[in-house]
Structure formats: C-alpha cells, structure tokens
Amino acid sequence: MRPYVIINAAMSADGKISTKEHRQTKISGDQDFARVDRLRADCDAVMVGIGTILADDSSLRLKNPDLIAERTAAGKTEQPMRVVIDSRARMPPDGDMFKKGTGQRVIFVAETAPPDRVAALAEKATVISAGTDKVDLTLVLDKLGEMGVKKLMVEGGATLLWSFTSQKLFDEIRIYVGALIIGGTDAPTFVDGSGFTRAEGFTRLALKNVEKIDDGLLITWHKKEE
Ligand SMILES: NC(=O)c1ccc[n+]([C@@H]2O[C@H](COP(=O)([O-])OP(=O)(O)OC[C@H]3O[C@@H](n4cnc5c(N)ncnc54)[C@H](OP(=O)(O)O)[C@@H]3O)[C@@H](O)[C@H]2O)c1
C-alpha cells in the first residue's frame, strides 16, 4: 500500500521558499522548527528532490535528542528513512545526509543514470531504479510502501512539489507562512514546474486548519477529492 503523504514546507508571505540565489533561508521560528522536527519524528521516511540537496546540502536528520529517544523507545530506528529523488545520481557521496545521523538512506534514480555514479552512491545508500529517464513518483510510492513506509513527509523543493501536487500524489499539505517578503522572479515558490493552464484545471485543496505559530501561520490543506 502507498504511504500517506504529507507535504511540509515553509514559505514567505509572498510564496517563496528560498531566495533568488536559491539559498536556504530562515522563514519560520523556534516553535515551528520544533513542529517540523516532531513531524519528522512521526514519519517513517522524509524525502527531498536532488535540487534541495545540491542547494542546501540538507542532512534531513531529526535533531532533537528527546524525539530520537522517543523513537527508539517505541522500537523504531533513531532516524526516519531519508530519501532523495535523483534521476541522474547527482547526489554528492560526501554530502551531509551521509555524514550526519544514523539509519537508512535511499536514493531513487532513473534507469539511464550513469552507472559509475550509481555504483559510488550504492556504497553509501540503498539505490533504487524507478523510471526510464526521470524518476517515476508512482513507482517510488509503491516501492516505499513495500519497504514498510506508512507515513512519508515530503519537504520539497519547488520542482518535486510540482510533481507531487500536479499528479495528486499527496494526502495533506502543511504550509508555514512566515512574516517576511523575499521577492524575486527567480526565487523558488512553494510549487514551480510548468504550471497548469486554465483548460487543464487545477489541483484543488480542502482547508483543514489554520494555526498561529511564532509570528506566522500554519495552514493545513487536504487533497480535495473530485
Ligand atoms: N522552505 C522550504 O520549506 C524548503 C524546503 C525544501 C527546499 N527548499 C528550497 O527549494 C529549492 C530547491 O528546489 P528545486 O526545485 O531547485 O529542487 P527540488 O525540487 O528539490 O529537486 C528537483 C529535482 O529533482 C529531480 N527529479 C527527479 N524526478 C523528479 C520528478 N518526478 N519530479 C520532480 N523532480 C524530479 C530533478 O532533477 P534530475 O532530473 O536531475 O533528477 C529535479 O530537477 C532550494 O532553494 C531549497 O532551499 C525550501
């Protein structure tokens, strides 16, 4: 069975998730960081696209020692499985995701990924081929389901979130809207990609909750069933 998919991201009041140089930036505050760590701890796997790794060298790890202890006390691994979507196996083998924290790392690549890069990554992670030229997210979700992932957190970035939302492969979206304007035509928004035309129609959402956290808002949406 496919996992329950929660998309979680932080954006500025103008919808940007990083700067025009694609540099990670602090959008939320301590209370929201704690919420995100809690969500990571509650999930079986966390996922990003390779663009996020190349921009931020994200480790994707759960940081709070109390949450790590809580997971192990419940018989879980210290860290949720860490997953990267990376058609061409561009993941740097010396990236922080490999250096920090324990547990399984999984890289999904396409069948056409260069074999030497796949072999180098296979020394550090479980590398799974899913899709011909580009990673096929439906295959990814099926595979993660087979691997025992029941709840998946997708953290971004903008291109991966376009695929998840346009293909309606999510259950929930949690967006933290921070009290700042970042601006810039070239700054990634919550979702980029090719976008819909009016004729194609849009991905519709159902509002579930709005909560004030720090000096911003956490908005929870569910996928609207059509
Ligand atoms: N504020 C936040 O909450 C937050 C969270 C995460 C990231 N970010 C920001 O987001 C930015 C990165 O976003 P991004 O759009 O450049 O990169 P991204 O969404 O992280 O990764 C996109 C890449 O994933 C690969 N990919 C493989 N299969 C795919 C598929 N089926 N659908 C979509 N992508 C697929 C593609 O590269 P290949 O073709 O080479 O595989 C694609 O270019 C950074 O600036 C980062 O700081 C912000």
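Residues numbered from 1 in each chain as written. Predicted model: local features only at pLDDT ≥ 70, side-chain atom pairs only at ≥ 80, totals over all residues. Heavy atoms only, no water.

In the nomenclature of an unreviewed UniProt entry, the protein chain corresponds to 2,5-diamino-6-(ribosylamino)-4(3H)-pyrimidinone 5'-phosphate reductase from the organism Methanocorpusculum petauri. What the UniProt record of the protein chain gives under Sequence similarities (unreviewed entry) is the line "Belongs to the HTP reductase family." (UniProt positions renumbered as here; feature names shortened; annotations may be inferred.)

Student: Would you take a moment to explain the overall build of the protein chain for this structure?
Tutor: If you tally the helices and strands in the protein chain, you get seven helices and nine strands. Along the first, second and third principal axes, the C-alpha atoms of the protein chain reach 45 × 45 × 35 Å. By residue count, 46% of the 226 residues in the protein chain fall in the buried class. Counting contacts in the protein chain only where the partners sit at least 6 residues apart, residues at least 24 apart contribute 68% of the total. (Helix = DSSP H or I, 4+ residues; strand = E, 2+ residues; numbered from the N terminus. Buried < 20%, exposed > 50% of the residue type's maximum accessible area, 1.4 Å probe, protein only. Contact = heavy atoms within 4.5 Å.)

Student: So what exactly am I meant to see when it comes to helix 7 (residues 158–166) here?
Tutor: In an α-helix, one turn spans 3.6 residues; hence positions three or four apart end up facing the same way. In terms of burial, helix 7 is largely enclosed, as eight of its nine residues are buried. Of all the residues in helix 7, the buried ones are Ala 158, Leu 160, Leu 161, Trp 162, Ser 163, Phe 164, Thr 165 and Ser 166. Against the buried residues of helix 7 lie strand 1 (4–11), strand 2 (45–49), strand 3 (81–85), helix 6 (137–146), strand 6 (151–154) and strand 7 (172–177). Just downstream of helix 7 lies Lys 168, where phi reads positive at about 55 degrees.

Student: Where do I start with the site of the ligand in this structure?
Tutor: Taken together, 28 residues form the shell around the ligand, and within it Ser 18, Thr 52, Ser 87, Thr 159 and Ser 163 come nearest. Measuring from an oxygen atom of the ligand, one finds a backbone N or O atom of His 22 at 3.3 Å. A distance of 2.7 Å separates an oxygen atom of the ligand from a polar backbone atom of Ser 87. Considered on its own, the ligand offers 930 Å² of accessible surface; in the complex 86% of this is hidden by protein. Counting atoms within 2 Å of the grid points, the majority share of the ligand lands in the largest pocket. At the level of elements, strand 1, helix 2 (50–56) and helix 7 are the ones that each hand at least two residues to the shell around the ligand. Sort the elements by how many residues they give to the shell around the ligand and helix 2 lands first, with five residues. Looking at the shell around the ligand residue by residue, the class counts come to 11 nonpolar, 11 polar and six charged. (Near = heavy atom within 4 Å. Polar contact = N/O pair within 3.5 Å; in protein donor to acceptor, adjacent residues only side chain to side chain. Areas by Shrake-Rupley, 256 points an atom, 1.4 Å probe, with all protein chains shown as cover. 1 Å grid on protein atoms, 1.4 Å probe; cavity = no way out; pocket = protein on both sides within 12 Å on 5 of 7 lines; lining within 4 Å. Sits in = over half its atoms within 2 Å of the grid points. Nonpolar A, V, L, I, M, F, W, Y, C, P; charged D, E, K, R; others polar.)

Student: For this particular structure, what's the right way to read the packing of helix 1 (residues 30–42) against helix 3 (residues 65–73)?
Tutor: For any two helices packed against each other, the geometry is given by the interaxial angle and the distance between the axes. Contact geometry of helix 1 with helix 3 gives a least axis separation of 10 Å together with a crossing angle of 15 degrees. For the element pair helix 1 / helix 3, the angle class is roughly parallel. Note on packing geometry: the crossing formed by helix 1 with helix 3 is right-handed. Across the interface between the two elements, Asp 37, Arg 38, Arg 40 and Ala 41 of helix 1 pack against Leu 67, Glu 70 and Arg 71 of helix 3. Looking at the contact of helix 1 with helix 3 residue by residue, the class counts come to two nonpolar, no polar and five charged. (Axes fitted to C-alpha atoms, helices over the stretch in contact; angles between N-to-C directions. Parallel < 35°, antiparallel > 145°, perpendicular 65-115°, else oblique. Left-handed = near helix turned anticlockwise from the far one by under 90°.)

Student: Sorry if this is basic, but what is going on with the sheet that holds strand 5 (residues 126–129) here?
Tutor: In a beta sheet, neighbouring strands pair by backbone hydrogen bonds and run either parallel or antiparallel. The nine strands are arranged 5-4-3-2-6-1-7-9-8 in an open sheet whose pairing can be described as mixed. Each having just a single partner strand, strand 5 and strand 8 (205–213) make up the two edges of the open sheet. Across this sheet, the average inter-strand angle for adjacent strands is 20 degrees, counted without regard to direction. Pairing of strand 8 with strand 9 (residues 216–223), which is carried by eight bridges, proceeds in the antiparallel orientation. Bridge assignment links Glu 211 to a residue of strand 9, and that residue is Leu 218. (Pairing = 2+ DSSP bridges.)

Student: Would you explain the UniProt feature "domain: Bacterial bifunctional deaminase-reductase C-terminal" (unreviewed entry) in the protein chain in this entry?
Tutor: Listed under "domain: Bacterial bifunctional deaminase-reductase C-terminal" (unreviewed entry) in the UniProt record, and renumbered for this structure, are residues 3–218. Along residues 3–218, the helical share is 28% and the strand share 23%, with 23 Å between the first and last C-alpha atoms.

Student: Is there a simple way to think about the layout of surface pockets in this case?
Tutor: It is the rolling of a water-molecule-sized probe over the atoms that shows where space remains empty. Here the largest pocket is characterised by a volume of approximately 1400 Å³. Surrounding the largest pocket, 50 residues form its lining, Val 48, Thr 52, Asp 56, Glu 155 and Gly 157 being those nearest its centre. Among the secondary structure elements, those contributing two or more residues to the lining of the largest pocket are strand 1, helix 1, strand 2, helix 2 and helix 7. Counted by class, the lining of the largest pocket contains 16 nonpolar, 17 polar and 17 charged residues. (Points joined across faces, edges and corners; volume = space filled by probe spheres on them.)

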